[in-house]
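For reference, the chains in residue letters:
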Amino acid sequence: MIVCKFGGTSVACAEQIKKVANIVKSNPERRIIVVSAPGKRFGDDIKVTDLLIDLANAALKDGDVEGKLQDVVNRYKDIAENLGLDQSISNIIAQDLRERVEFDKTNINLYVDNLKASGEDNNARLIAAYFNSIGLKAKYVSPLEGLLLNNPPERTYALPETYELLNKLKTYEEIIVFPGFFGYTKEGTLRTFDRGGSDITGSILAAAVKADLYENFTDVDCVFSANPKVVKNPIGIEEITYREMRELSYSGFSVFHDEALMPVFKLGIPVNVKNTNNPTAPGTRILPTRTSNGRPVTGISADSGFSTLYVSKYLMNREIGFGRKLLHIIEEEHISYDHTPSGVDDISVIIRSNQITPEAEERIVKRIKEELHADDVYFRHGFSMIVIVGEGMRNNTGLAARAAHAISRTGSNIEMINQGSSEVSLVFGVLSEVENQVLTALYEEFFAPITV
Ligand code: ASP
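Residues numbered from 1 in each chain as written. Predicted model: local features only at pLDDT ≥ 70, side-chain atom pairs only at ≥ 80, totals over all residues. Heavy atoms only, no water.

Student: Please explain the overall build of the protein as it appears in this structure.
Tutor: Looking only at helices and strands, the protein features 14 helices and 18 strands. Taking 2.2 N^0.38 as the reference for a compact globule, 452 residues should give roughly 22 Å; the C-alpha atoms of the protein span a radius of gyration of 24 Å, in line with that estimate. Principal-axis analysis of the C-alpha atoms places the extent of the protein at approximately 75 × 55 × 40 Å. Counting every position in the protein, which comprises 452 residues, the buried fraction comes to 52%. Of the contacts made within the protein by residues no fewer than 6 positions apart, 75% connect residues no fewer than 24 positions apart. Total accessible area computed for the protein in this model is approximately 20400 Å², and 49% of it derives from carbon and sulfur atoms. If the 49 positive side-chain charges of the protein are averaged to one point and the 61 negative ones to another, these points end up 4 Å apart. (Helix = DSSP H or I, 4+ residues; strand = E, 2+ residues; numbered from the N terminus. Rg over C-alpha atoms; globule rule 2.2 N^0.38 Å. Buried < 20%, exposed > 50% of the residue type's maximum accessible area, 1.4 Å probe, protein only. Contact = heavy atoms within 4.5 Å. Areas by Shrake-Rupley, 256 points an atom, 1.4 Å probe, with all protein chains shown as cover. Lys, Arg positive; Asp, Glu negative; His and termini not counted. Charge placed at Lys NZ, Arg CZ, Asp CG, Glu CD.)

In structure tokens:
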């Protein structure tokens, strides 16, 4: 059995949905289909999810919602019309949106979640209706049937019982069309995952039915070894391990949500990232282990928006509990950290900048000075992390030297180096203004001169 997830661009309009139907028809193993909300049809189009967030914000401010609501309805109306569906589906969607707009506004996040989730929910209903209209026996299944989530305000994740509850999906006769991106708490409250979270739903379903394969359909032929917006014609990746994909999607590889690997990883279910617009292309396979491609590096990612908290104290290495106390202060500000490179008397904590407010920054610095008696404490902002990833790195000497040399050729300073304990990744912190230059230089070093 194959679970397929179709991303926003794959279900953005009637023409794309027809391609989805053909893909589903072409392999009888494709039994469970997870869909996103309609995404962008062209470059500066607006995703339905963004239209819905806008609608929710207008409703929260008691602004004019009618025009925004119609914008969403029109997207579905257009799809339904071009799929030859009865227009009554647009009336049902309009009614559904009106009810969601009237939802309890006490908890703003839950209010927005409820509207946002309608993007996938209504699309799943519409796609199931279309499949049936062309003789493909299909059934819309709601996450209410068992996609159980934890309670807010904790970050959304699926409860363990979800996997058992959703195992029944494998017994359905019809092709299941399941909306991505959301589920319900035990009390019946709707919550969404982070943006791009339909990938997570697909992975949960694949694990629940113990699928043979999880296919993730998007709009590129494969995962590239570096961001094609920065590096011209980067090599496509045919096979990649879960660990490598995790490291790459952590920083900048948005083609597959970084949290989506966990459910399939636990069961060793292979993932195939494929292109809806070119479904016969082999795509990228994400596997527990892979055959060697002869290259030590599989991919290089880059992401901006990092800050560092620098702390130094003479004889820090002798002080028992210093690191714990420092991280505790950060924990109490509800901030997570990504790396902690350290020396004998100093430590840097690398944090995603969007978690820090000027007030939190001030509080943290004050507490570290007063409670830990540090000699020097300060924040710096505007960093990018460039991550070189490859299972082959472990058995390859001189790789860090090659990387450092390539960076030095750009004249850029390395602000931080961190080698992951698994030796699958090597992280360089640089100033964001040199990110693209450094990424290009590293790509040239490890993959071949760039062809224009
Ligand atoms: N529609 C949601 C988003 O745009 C979720 C998804 O497509 O995966 O983020």
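Student: Could you clarify how one ought to interpret the side chain of Thr-241 in this entry?
Tutor: Tracing the backbone through its elements, the reader meets Thr-241 in strand 11 (residues 239-241). There is a polar contact of 2.7 Å between the side chain of Thr-241 and the side chain of Glu-391. Once residues lying within four places of it in the same chain are set aside, the contact partners of Thr-241 are Ile-286, Leu-287, Pro-288, Thr-289, Arg-290 and Glu-391. (Polar contact = N/O pair within 3.5 Å; in protein donor to acceptor, adjacent residues only side chain to side chain.)

Student: Hey, could you run me through the site of the ligand in this one?
Tutor: Near the ligand the following residues occur: Ser-36, Lys-47, Thr-49, Glu-120, Phe-181, Arg-195, Gly-196, Gly-197 and Ser-198. One nitrogen or oxygen atom from the side chain of Glu-120 is found 3.1 Å from a nitrogen atom belonging to the ligand. In the complex, the protein chains occlude 93% of the 260 Å² of accessible area that the ligand would expose alone. Among the residues making up the shell around the ligand, the classes are represented as one nonpolar, five polar and three charged. (Near = heavy atom within 4 Å. Nonpolar A, V, L, I, M, F, W, Y, C, P; charged D, E, K, R; others polar.)

Student: For this particular structure, what's the right way to read helix 4 (residues 88-101)?
Tutor: Within an α-helix, residues lying three or four positions from one another point in the same direction, as the helix has 3.6 residues per turn. Given a rise of 1.5 Å per residue, 14 residues ought to cover 20 Å, and the 20 Å separating the end C-alpha atoms of helix 4 matches this to within 8%. Contacts made by the buried residues of helix 4 are with helix 2 (48-60), helix 3 (66-82), helix 5 (108-116), helix 6 (118-133) and strand 7 (190-192). (Expected span 1.5 Å × (residues − 1).)

Student: Mind showing me how you'd approach the packing of helix 3 against helix 6 here?
Tutor: The N-to-C vectors of helix 3 and helix 6 enclose an angle of 15 degrees; their axes lie 11 Å apart at closest approach. By the criterion of interaxial angle, the relationship of helix 3 to helix 6 is roughly parallel. In this structure, the crossing between helix 3 and helix 6 has a hand that is right-handed. Contact with helix 3, carried on its side by Tyr-76, Ile-79 and Ala-80, involves Ser-118, Gly-119, Asn-122, Asn-123 and Leu-126 of helix 6 and no other residues of that element. When the residues that make up the contact of helix 3 with helix 6 are grouped by side-chain class, the tally is four nonpolar, four polar and no charged. (Axes fitted to C-alpha atoms, helices over the stretch in contact; angles between N-to-C directions. Parallel < 35°, antiparallel > 145°, perpendicular 65-115°, else oblique. Left-handed = near helix turned anticlockwise from the far one by under 90°.)

Student: What should I look at first to understand the pattern of salt bridges in this one?
Tutor: Any two side chains of opposite charge can pair, given that their charged atoms come close. In total, this model carries 30 salt bridges according to the counting rule given. Measuring nitrogen to oxygen at the nearest pair gives 2.7 Å for the salt bridge that ties Glu-244 to Arg-290. Taken together, the positions of Glu-244 in helix 9 (residues 242-250) and Arg-290 in the loop between strand 13 (284-287) and strand 14 (299-312) put the pair 46 residues apart, joining distant regions of the chain. The partner of Glu-445 in a salt bridge is Arg-402, and the shortest N-O contact between them spans 2.8 Å. With Glu-445 in helix 14 (residues 435-447) and Arg-402 in helix 13 (residues 399-409), this pair connects stretches of sequence that are 43 residues apart. Taking the relative accessible area as the measure of exposure, Arg-402 reaches 34% and is therefore partly exposed. A cluster of three or more residues bridged by salt bridges with shared partners is formed by Asp-96, Arg-100, Asp-121 and Arg-125. (Salt bridge = Lys/Arg side-chain N within 4 Å of Asp/Glu carboxyl O.)

Student: Looking at this structure, I do not really get the sheet that holds strand 14. What am I missing?
Tutor: Two orientations exist for strands paired in a sheet by backbone hydrogen bonds: parallel and antiparallel. Across the sheet, which stays open at both edges, the five strands sit in the order 15-14-16-18-17 with antiparallel pairing between neighbours. Of all strands in the sheet, those with a lone pairing partner are strand 15 (346-352) and strand 17 (416-419), marking the two edges. Averaged over all neighbouring strand pairs, the angle between strand axes comes to 35 degrees, with direction disregarded. With 11 bridges connecting them, strand 14 and strand 16 (residues 376-389) associate as antiparallel partners. Pairing of Gly-299 across the sheet is with Val-389, part of strand 16. Taken strand by strand, helix 11 (residues 322-332) contacts strand 14 and strand 15, and its axis lies near 105 degrees from that of strand 14. Seen against the sheet, helix 13 touches strand 16 and strand 18 (425-431) and runs at an angle of roughly 20 degrees to strand 18. (Pairing = 2+ DSSP bridges.)

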